Amino acid sequence: MNIETSKESTTMVVKVTGRLDAVTSSEYEQKFNALIADGETMFIVDLENLVYISSAGLRALLATAKRIKGKKGLVSLANIGGSVKEVFDISGFGSIFPMYNSVASALTAVTG
Amino acid sequence: MQGSKSIATKLILVITLCSALIFAVTLGYNYYQSRLVLEKELEKNARNLAMSLANRVERELVSVSKVTDGVARSLETANYSETQLHSLLQATLANNQEIYGAGVAYEPYAFRRTSRLFAPFYFRKNGKINLIPLEASYTDLPYVYWDWYQIPGELGKAEWSEPYFDEGGGNILMSTCSIPFYEASGGVRHLKGVVKADITLASLTELISSVKILKTGYAALFSRNGMILAHPVKESIMNETFFSMAESRHDNALRQLGKKMVRGESGFVLYKSEGGTRNWMYYAPIRSTGWTLAVVFPEDELLENVRKLSLTMAAMGLGGIFLLSIAVIYIARSVTKPLRSLVAVTEVIASGNFDVELPSTRSSDEVGALTNSFRFMITSLKEYIRNLTETTAAKERIQSELKVATDIQASLLPRLFPAFPARSEFDVYASMDPAKEVGGDFYDFFFIDEHHLCFLIADVADKGVPAALYMMVAKTLLKSEGQRLGEPELILSCVNNILAADNDSCMFATVFCAILDTRSGEVRFANAGHNPPVIIAMDSQKPQYLALKAGFVLGPIADSVYNAERLTLKQGDTIFLYTDGVTEAKNPEEQLYGENLLLQALQDAPKGNLADLIHCIRSEVNRHANGAPQSDDITMLAITYRGAGAAIKEN
């Protein structure tokens, strides 16, 4: 797994590449905890290059989102597709997160 | 031991060889230079000695030739009567002890016209002076034909004869000095006769033969022809010449040397004697006679002192090198001794004993530093091994605890099949293989009332101990709430709210919960984010995934809404529940088993016995994994509806 971050005005765009599973989920959580500690509240997670997500990955996603929500923040997901989308559909996660087809539309929705 | 030995050996070898080399070069140079200086000095001394000896001989010869010359000049200036002549000769002999015999030989008819030859000769014998008339004694050949007479007459100057043994005089080595005298008449000088003086060379040769240089060095005298006149070896006197010696020895250098001597040259040469020893020789001519005087000394004796000195120095040097070697051995030992003891101690350490005492280090040299490093290493190793032991013990404890936990978890799931031997309306079979010692998957089935069987499968997020703990809570809640509420959607939402109350870590479980009415085959179910089950219908060719509403996972968010759905199982229909450990089993190439392969396997699997079906799927998954490690818990549950009639029949 690889995580890249970029700042678009007030929103932090986090691009996750590779696999989000039991091994990498703690790394994902640590990264987000650091960003939250830096005062970031608005996040768009770009999952275009995420090839696999396990239940542990879902838990990490959910735990960070809950923490951000506690700080009056918001996590939006962008570019979910393939097997990851299937997992989201089966587990009902699709109804929990705001999801967008692109980072741009997510940005528009969040800032607009 | 081997190492320390070689350090000492190497040190000794290198230092000894180097110092020996330096010493040898110094000694050699010293010897060479001393020899050069000595040779120069020697040449000077040899020349001086030879010159003084030559002068001594010369002086003696010159005194004789002067006396002879005086007689000759007297005879030229005055006419001596026979009586006067006898008196002159007697007086000459009496006044000059070194002269053995003196005489005058006249040309034919030159003394008086009456007698042809006249030659009175006086000589000493037994302390008396005797007269011998030479014209009478030379009976075979008149004296005028003898060399001693003819050569000075011809040359017109004084002539010394080759030395000879005077038979009459008792084998005394003699030489004769002959000087011509003339008569002037009418402006023309005519030879009138020759004055002859014999001298014995005994005292001269005695003097020369007695000269000793060093031990065996000597002086020698050679005649004009190379004849040996004086030599320490008496036998060679008058018996050998330079040239005869050169001939017998085939020594060309000796012959050349002889030629130089005959020419009246002087020089300093090195030559090999008959015995093969090298000798230095200085030779100088004796002008008046053309003889040669030589001083000879062997090189060995000359260099003896230098040799002795060199030997002494060599002995001292060897002693020095020996002392040096002892010093080197001492140093090498003092260096290697602590090393050796350190080696012995490290061998003990290497065998696992860390409590061994290291050798004490007084010095702060490299060995001391090494010892301190070892001490530090031992402390670190002890610390490390203690940590390792503790960690291993802790790990073993955890392992044994986990083993117990595995047993506890396994005992929580219904494992006895057939689970309800009294109930023939349905068959049920299930299995759970945790990826780790304990898992997050679970299944359950229990009767709510006589006709309603609740069955469920769940997958807690993640694996291991946290998932297992969560699983315990979820399973207990699902059973208690299931028995209390009796409706799948109510069970899920109620349990969800309880779980969500204190769930900061957002642990969750996906749950498929269903209730079978054993009388009708109707199944009411609700889903909390779990994989859709597979329906294997009797009247259909292919197994199918059940289309259902997703529903959010159980646990993280309170007040999630779950929808109740329903389906009816006909007699012989089977519902197959599984967790994603089945479909996401990976092979070494990272390929997932997948939903399609599962469907195919279910279609091909033997029908009739659920245990066979589940074991078949399990082995298919294993076959796919092909040795790759199991990454997630693998759980399956299947129920086949046999129909209410079966129960009635039974009853």
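Structure shown above.
Nothing here was measured: the structure is a model prediction, and the numbers come from that model.

### Overview of the overall build of chain A
(1) Moving on: Scanning chain A for helices and strands turns up four helices and six strands.
(2) Moving on: What you see in chain A, going N to C, is helices and strands ordered as β-β-α-β-β-α-β-α-β-α.
(3) Moving on: Over its C-alpha atoms chain A spans a radius of gyration of 13 Å, differing by no more than 12% from the 13 Å that the globule rule assigns to 112 residues.
(4) Moving on: Counting over 112 residues, chain A shows a buried share of 50%.
(5) Moving on: For chain A, the accessible surface area stands at approximately 5,000 Å², while carbon and sulfur atoms represent 51% of it.
(6) Moving on: Here chain A holds 11 positive side-chain charges and 11 negative ones, and the gap between their average locations is 9 Å.

### A few points about the interface of chain B and chain A
(1) Moving on: Residue-level contacts link 23 residues of chain B with 16 residues of chain A.
(2) Moving on: Summed over both sides, the interface between chain B and chain A buries roughly 1,600 Å², with carbon and sulfur atoms accounting for 60% of that surface.
(3) Moving on: Looking only at chain B, the three residues that lose the most surface to chain A are Asp462(B), Cys506(B) and Phe552(B), adding up to 29% of its buried area.
(4) Moving on: Applying the counting rule to chain B against chain A returns five residue pairs in polar contact (both at pLDDT 80 or more).

### Looking at the packing of aromatic side chains
Residues and elements named next belong to chain B.
(1) Moving on: Within this structure, the stated rule accounts for 29 aromatic pairs over all chains.
(2) Moving on: The interplanar angle of 85° and the centroid separation of 6.1 Å between the aromatic rings of Trp 148 and Tyr 149 together place this pair among those described as edge-to-face. One exposure class covers both Trp 148 and Tyr 149, and it is buried.
(3) Moving on: Taken together, the aromatic side chains of Phe 417, Phe 420, Phe 426, Tyr 429, Tyr 443, Phe 445 and Phe 447 make up a single cluster linked through ring pairs.
(4) Moving on: Taking the ring centre of Phe 121 as reference, the NZ or CZ of Lys 196 above it sits at 4.4 Å.
(5) Moving on: Cation over ring: Lys 196 sits above Trp 148, and NZ or CZ is 4.8 Å from the ring centre.

### So, the pairing of strand 12 (residues 278-286) of chain B
Residue and element names in this part refer to chain B.
(1) Moving on: Judged by how many residues are buried, strand 12 sits mostly within the fold: eight of nine residues are covered.
(2) Moving on: With six bridges connecting them, strand 11 (residues 267-272) and strand 12 associate as antiparallel partners. Note that in strand 12 the partner of Tyr 271 across the bridge is Asn 279.
(3) Moving on: A loop of five residues connects strand 11 with strand 12, the two strands running antiparallel in sequence, and Gly 276 in this loop sits at a positive phi of about 95°.

### Here's the deal with the packing of helix 1 (residues 25-37) of chain A against helix 2 (residues 55-70) of chain A
Residue and element names in this part refer to chain A.
(1) Moving on: Running from amino to carboxyl end, helix 1 crosses helix 2 at an angle of 15°, the nearest separation of the two axes being 9 Å. Put simply, helix 1 runs roughly parallel to helix 2. Here the hand of the crossing between helix 1 and helix 2 comes out right-handed. When helix 1 is examined against helix 2, the residues Ser 25, Tyr 28, Glu 29, Phe 32, Asn 33 and Ile 36 are found in contact with a partner set consisting of Ala 56, Gly 57, Arg 59, Ala 60, Leu 61, Ala 63, Thr 64, Arg 67 and Ile 68.
(2) Moving on: Grouping the constituent residues of the contact of helix 1 with helix 2 by class yields eight nonpolar, four polar and three charged.

### Comments concerning the nonpolar core
One recurring pattern in soluble globular proteins: nonpolar side chains tend to sit buried together.
Residue and element names in this part refer to chain B.
(1) Moving on: Core analysis: the largest hydrophobic core is formed by 70 residues, its most contacted members being Leu 75, Val 104 and Met 281.
(2) Moving on: Broken down by element, the residue count for this core peaks at 12 residues, all from helix 1 (residues 2-77).
(3) Moving on: Residue contacts for Val 104: discarding those within four places in its chain leaves Val 71, Leu 75, Leu 85, Leu 89, Phe 118, Ala 119, Pro 120, Phe 181, Val 194 and Val 195.
(4) Moving on: With 50 residues, the next largest nonpolar core counts Phe 442, Val 460, Ala 526 and Leu 569 among its residues.

### A short note on the environment of Glu162(B)
Residues and elements named next belong to chain B.
(1) Moving on: Examined against the element boundaries, Glu 162 turns out to sit in the loop between strand 4 (159-160) and strand 5 (164-166).
(2) Moving on: Each C-alpha atom, one on Glu 162 and one on Ser 175, is 6.4 Å from the other, the two residues being 13 residues apart in sequence.
(3) Moving on: When near neighbours in sequence (up to four residues on either side) are disregarded, Glu 162 contacts Met 174, Ser 223, Arg 224, Asn 225 and Met 227.
(4) Moving on: Looking at Glu 162, its side chain comes within polar contact range of the side chain of Ser 223, at 3.0 Å.
(5) Moving on: Engagement of the side chain of Glu 162 in a polar contact is seen with the backbone nitrogen of Arg 224, the distance being 3.5 Å.

### A closer look at the side chain of Thr241(B)
All names here are of chain B.
(1) Moving on: In this fold, Thr 241 is placed in the loop between strand 10 (228-230) and helix 6 (242-249).
(2) Moving on: A relative accessible area of 17% places Thr 241 in the buried class.
(3) Moving on: Not counting the four nearest positions on each side in its chain, Thr 241 is found in contact with Asn 225, Gly 226 and Met 227.

### Thoughts on the side chain of Asn96(B)
Residues and elements named next belong to chain B.
(1) Moving on: Assignment of secondary structure puts Asn 96 in the loop between helix 2 (82-95) and strand 1 (99-106).
(2) Moving on: Exposure remark for Asn 96: the relative accessible area of 14% places this residue in the buried category.
(3) Moving on: Ignoring any residue separated from it by four or fewer positions in sequence, one finds Asn 96 in contact with Val 67 and Arg 124.

### A short note on the sheet that holds strand 21 (residues 565-568) of chain B
Residues and elements named next belong to chain B.
(1) Moving on: Read from one edge to the other, the open sheet built from five strands follows the order 15-16-17-18-21, with strand pairing classed as antiparallel. The strands lining the two open edges of the sheet, one partner per strand, are strand 15 (441-449) and strand 21. Between one strand axis and the next, the sheet turns by 20° as a mean value, whatever way the strands run.
(2) Moving on: As judged from the eight bridges shared by strand 15 and strand 16 (residues 452-460), these two strands associate in the antiparallel manner. Across the sheet, Asp 441 pairs through a bridge with Asp 459, a residue of strand 16.

### Remarks on a nonpolar patch on the surface
(1) Moving on: Among the surface-exposed residues, Val404(B), Ile408(B), Leu412(B), Met472(B) and Val473(B) lie close enough to one another that they form a single nonpolar patch of about 370 Å² accessible area.
(2) Moving on: In terms of residues, the nonpolar patch owes the most to one element, helix 10 (residues 366-412) of chain B, which gives three residues.

### Some details on the environment of Ser631(B)
All names here are of chain B.
(1) Moving on: Its place among the elements puts Ser 631 in the loop between helix 15 (610-625) and strand 23 (634-641).
(2) Moving on: The exposure class of Ser 631 is partly exposed, given its relative accessible area of 32%.
(3) Moving on: Spatially, the C-alpha atom of Ser 631 lies 7.1 Å from that of Ala 585, the residues being 46 residues apart in sequence.
(4) Moving on: Leaving out residues up to four positions away in the same chain, Ser 631 has contacts with Ala 435, Lys 463, Glu 584 and Lys 586.

### Thoughts on helix 3 (residues 82-91) of chain A
Residue and element names in this part refer to chain A.
(1) Moving on: Regarding helix 3, the residues found buried are Val 84, Val 87, Phe 88 and Ser 91. Angularly, the buried residues of helix 3 cover 100° about the axis, an arc narrow enough to put them on a single face.
(2) Moving on: Of the surrounding secondary structure, the elements contacted by the buried residues of helix 3 are strand 4 (50-53), helix 2, strand 5 (74-78) and strand 6 (99-100).
(3) Moving on: Phi turns positive, to about 80°, at Gly 92, one or two residues after helix 3.

### Things to note about helix 7 (residues 252-262) of chain B
Residues and elements named next belong to chain B.
(1) Moving on: When helix 7 is considered as a whole, its buried residues turn out to be Leu 254, Leu 257, Gly 258 and Met 261. Viewed along the axis of helix 7, the buried residues span an arc of 105°, placing them on a single side of the element.
(2) Moving on: Next to the buried residues of helix 7 lie strand 9 (217-222), helix 6, strand 11, strand 12 and strand 13 (291-298).
(3) Moving on: Where helix 7 starts, the residue carrying a side-chain oxygen 3.1 Å from the main-chain nitrogen of Ala 253 turns out to be Asp 251.
(4) Moving on: Of the residues trailing helix 7, Gly 264 is marked for its positive phi of about 85°.

Thresholds applied
Residues numbered from 1 in each chain as written. Chains lettered and ligands numbered in written order. Predicted model: local features only at pLDDT ≥ 70, side-chain atom pairs only at ≥ 80, totals over all residues. Heavy atoms only, no water. Helix = DSSP H or I, 4+ residues; strand = E, 2+ residues; numbered from the N terminus. Rg over C-alpha atoms; globule rule 2.2 N^0.38 Å. Buried < 20%, exposed > 50% of the residue type's maximum accessible area, 1.4 Å probe, protein only. Areas by Shrake-Rupley, 256 points an atom, 1.4 Å probe, with all protein chains shown as cover. Lys, Arg positive; Asp, Glu negative; His and termini not counted. Charge placed at Lys NZ, Arg CZ, Asp CG, Glu CD. Contact = heavy atoms within 4.5 Å. Buried area = accessible area lost by both parts, 1.4 Å probe. Polar contact = N/O pair within 3.5 Å; in protein donor to acceptor, adjacent residues only side chain to side chain. Phe/Tyr/Trp six-rings, centres within 6.5 Å; stacked < 30°, edge-to-face > 60°. Lys NZ or Arg CZ within 6 Å of the ring centre and 35° of its normal. Pairing = 2+ DSSP bridges. Axes fitted to C-alpha atoms, helices over the stretch in contact; angles between N-to-C directions. Parallel < 35°, antiparallel > 145°, perpendicular 65-115°, else oblique. Left-handed = near helix turned anticlockwise from the far one by under 90°. Nonpolar A, V, L, I, M, F, W, Y, C, P; charged D, E, K, R; others polar. Core = buried A, V, L, I, M, F, W, Y, C linked by side-chain atoms within 4.5 Å. Patch = residues over 30% accessible without salt bridge, like charges linked within 9 Å, V, L, I, M, F, W, Y side chains within 5 Å. Salt bridge = Lys/Arg side-chain N within 4 Å of Asp/Glu carboxyl O. Arc of directions from axis to C-beta.

The analysis is restricted to geometry; functional conclusions fall outside its scope.
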